[in-house]
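# Coordinate analysis (summary)
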Amino acid sequence: MKIAFFNTKQYDQEYFDRANQNAAQQIRYFSSHLNLESTSLITDEKVVCAFINDNLNAEVLHKLKSKGIELIALRSAGFNHVDVACAKQLSLPVVRVPAYSPFAVAEHAVGLLLCLNRGIHRAHNRIREGDFSLRNLMGFDIHGKTVGIIGTGKIGQAFANIMLGFGCKVIAYDVVHNEQCIKSGVTYVSLDNLLSHADVISLHCPLTPETYHLINQEALAKMRDGVTIINTSRGKLVDTKAIINSLKNGKVGLLGLDVYEEEEALFFEDFSKKGIQDDVLARLTTFPNVIITSHQGFFTQEAMLNIAQTTLSNISQFEQNGSIQNGVI
Ligand code: NAD
């Protein structure tokens, strides 16, 4: 099938070309994000391949349908950037990659926690300047701490297993209880109980109307003083302005973010010459106890290959018999 591949980075092309070695699919790579304007790049393609920071709102979906697009293949697990109700109404199937490497994201969350706790990022910079002091580098043993996980699906479960291996007490909140997690030693509690008892809180639930700003001023007030918060899930789970206030007054001791509320226009691009235009994000970057990475949790060799293979397999299935593999609708 002919595929219009939007928002291409060099690594996307490398992994998709590798997975498409037999050239079964004809891919045209565009660097532009998918939006109303860039739909003009589509000529006779039948499939659109998009990423998390592409815009698949109703207007774009109608345009894609009118251009003869038959399938939307997301190369991501999350699909909160798609107007699913509109796609359904248009009978425009949307497929995704539901699981590629839960370990990639879980390990990144652990990386943020370890780095923040022991100030590894600060020590690295300091030593390059010839400063070998231990000033402000004291951390805490993670062993024995209470770790609260919100969302114990594939990634939350992988994160729980690592934290159990560290010797932590792991408590969790999820609308569905994961039997494997319970067997491994995770205890399910209410959200309020988790917020008030956890030393470390890690977010692994999807962004939905229910989880939007799950971590807001009210939730933050319930937490332990000096709590560590890690968000590798979706930026809009956290009210950024509320968390900035909690960093200022010390309620939040450490904050690790792989995602940010307004990341769409920023992440994956290089603004090093222009500087950060987003004042809220700029303020966040001034805290020594905050680490931000630009949505790189998924970015491992294994995950990239898996994403490419599953996306192409989703497309091949559709091509062969119109079947929808890994559909979101
Ligand atoms: P999953 O579907 O396997 O698990 C999600 C879990 O969240 C499920 O157990 C579900 O019951 C739970 N959940 C749903 N609504 C909830 C609510 N209101 N409160 C508490 N829990 C709720 O998904 P996954 O593969 O583990 O991925 C989790 C999230 O990680 C994704 O939704 C995505 O936002 C994010 N993600 C980030 C990256 C990255 O690169 N940083 C990569 C992939 C996924």
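Here's a quick rundown of the structure. In this text the structure is predicted, and so the values were computed from the model without any measurement. (Residues numbered from 1 in each chain as written. Predicted model: local features only at pLDDT ≥ 70, side-chain atom pairs only at ≥ 80, totals over all residues. Heavy atoms only, no water.)

## Examining the pattern of salt bridges
- Enumeration over the complete set of coordinates arrives at nine salt bridges.
- The salt bridge involving Arg28 is made with Glu45; its shortest N-O contact spans 2.7 Å. One end of the pair, Arg28, is in strand S2 (residues 26–29); the other, Glu45, is in the loop between S2 and strand S3 (47–50), with 17 residues separating them in the sequence.
- Taking the relative accessible area as the measure of exposure, Glu45 reaches 3% and is therefore buried.
- Ionic pairing is found between Asp199 and Arg224, a salt bridge with its closest N-O pair at 2.7 Å. Of this pair, Asp199 sits in the loop between helix H8 (191–197) and strand S9 (200–203) while Arg224 sits in the loop between helix H9 (217–222) and strand S10 (227–231); the two residues are 25 residues apart in sequence, bridging distant segments of the chain.
- According to the relative accessible area criterion, Asp199 is buried, its value standing at 18%.
- Each of Arg126, Asp131 and Arg135 takes part in salt bridges that share partners, so that together they form one network. (Salt bridge = Lys/Arg side-chain N within 4 Å of Asp/Glu carboxyl O. Helix = DSSP H or I, 4+ residues; strand = E, 2+ residues; numbered from the N terminus. Buried < 20%, exposed > 50% of the residue type's maximum accessible area, 1.4 Å probe, protein only.)

## Some points on the packing of helix H1 (residues 10–19) against helix H12 (residues 301–321)
- Remark: H1 packs on H12, axes separated minimally by 9 Å, with the N-to-C direction vectors making an angle of 60°. Here H1 is positioned oblique relative to H12, judged by the angle of their axes. The element H1 and its partner H12 pack so that their crossing is right-handed. Residues Tyr11, Asp12, Tyr15, Phe16, Arg18 and Ala19 of H1 form the contact with H12, whose participating residues are Gln301, Met304, Leu305, Ile307, Ala308, Gln309, Thr311 and Leu312.
- Looking at the contact of H1 with H12 residue by residue, the class counts come to nine nonpolar, three polar and two charged. (Axes fitted to C-alpha atoms, helices over the stretch in contact; angles between N-to-C directions. Parallel < 35°, antiparallel > 145°, perpendicular 65-115°, else oblique. Left-handed = near helix turned anticlockwise from the far one by under 90°. Contact = heavy atoms within 4.5 Å. Nonpolar A, V, L, I, M, F, W, Y, C, P; charged D, E, K, R; others polar.)

## A few points about the packing of aromatic side chains
- Tallying each qualifying case throughout the model produces seven aromatic pairs.
- Summarising the aromatic geometry, the rings of Phe5 and Phe16 are spaced 4.7 Å apart at their centres and angled 75° between planes, so their arrangement reads as edge-to-face. Note that Phe5 is positioned in strand S1 (residues 2–5) and Phe16 in helix H1, a separation of eleven residues in sequence. Here the two residues Phe5 and Phe16 agree in accessibility, since each one is buried.
- Aromatic side chains Tyr11 and Phe299 sit 4.6 Å apart centroid to centroid with 65° between the ring planes, which places their arrangement in the edge-to-face category. Placement of the pair is Tyr11 in helix H1 and Phe299 in the loop between strand S12 (290–292) and H12, with a sequence separation of 288 residues.
- The class for Tyr11 is partly exposed, based on a relative accessible area of 22%.
- An aromatic cluster of three or more residues is present, and its members are Tyr11, Phe51, Phe268, Phe298 and Phe299. (Phe/Tyr/Trp six-rings, centres within 6.5 Å; stacked < 30°, edge-to-face > 60°.)

## Observations concerning the site of the ligand
- The environment of the ligand is formed by 22 residues, the closest being Tyr100, Lys154, Ile155, Asp174 and Thr232.
- In this structure, an oxygen atom belonging to the ligand sits 2.6 Å away from a side-chain N or O atom of Asp174.
- One of the side-chain nitrogen or oxygen atoms of Asp258 is found 2.9 Å away from a nitrogen atom of the ligand.
- When the free accessible area of the ligand is taken as 870 Å², the share hidden by the protein chains comes to 84%.
- Because more than half of its atoms lie within 2 Å of the grid, the ligand is assigned to the largest pocket.
- For the shell around the ligand, the class distribution of residues is nine nonpolar, nine polar and four charged. (Near = heavy atom within 4 Å. Polar contact = N/O pair within 3.5 Å; in protein donor to acceptor, adjacent residues only side chain to side chain. Areas by Shrake-Rupley, 256 points an atom, 1.4 Å probe, with all protein chains shown as cover. 1 Å grid on protein atoms, 1.4 Å probe; cavity = no way out; pocket = protein on both sides within 12 Å on 5 of 7 lines; lining within 4 Å. Sits in = over half its atoms within 2 Å of the grid points.)

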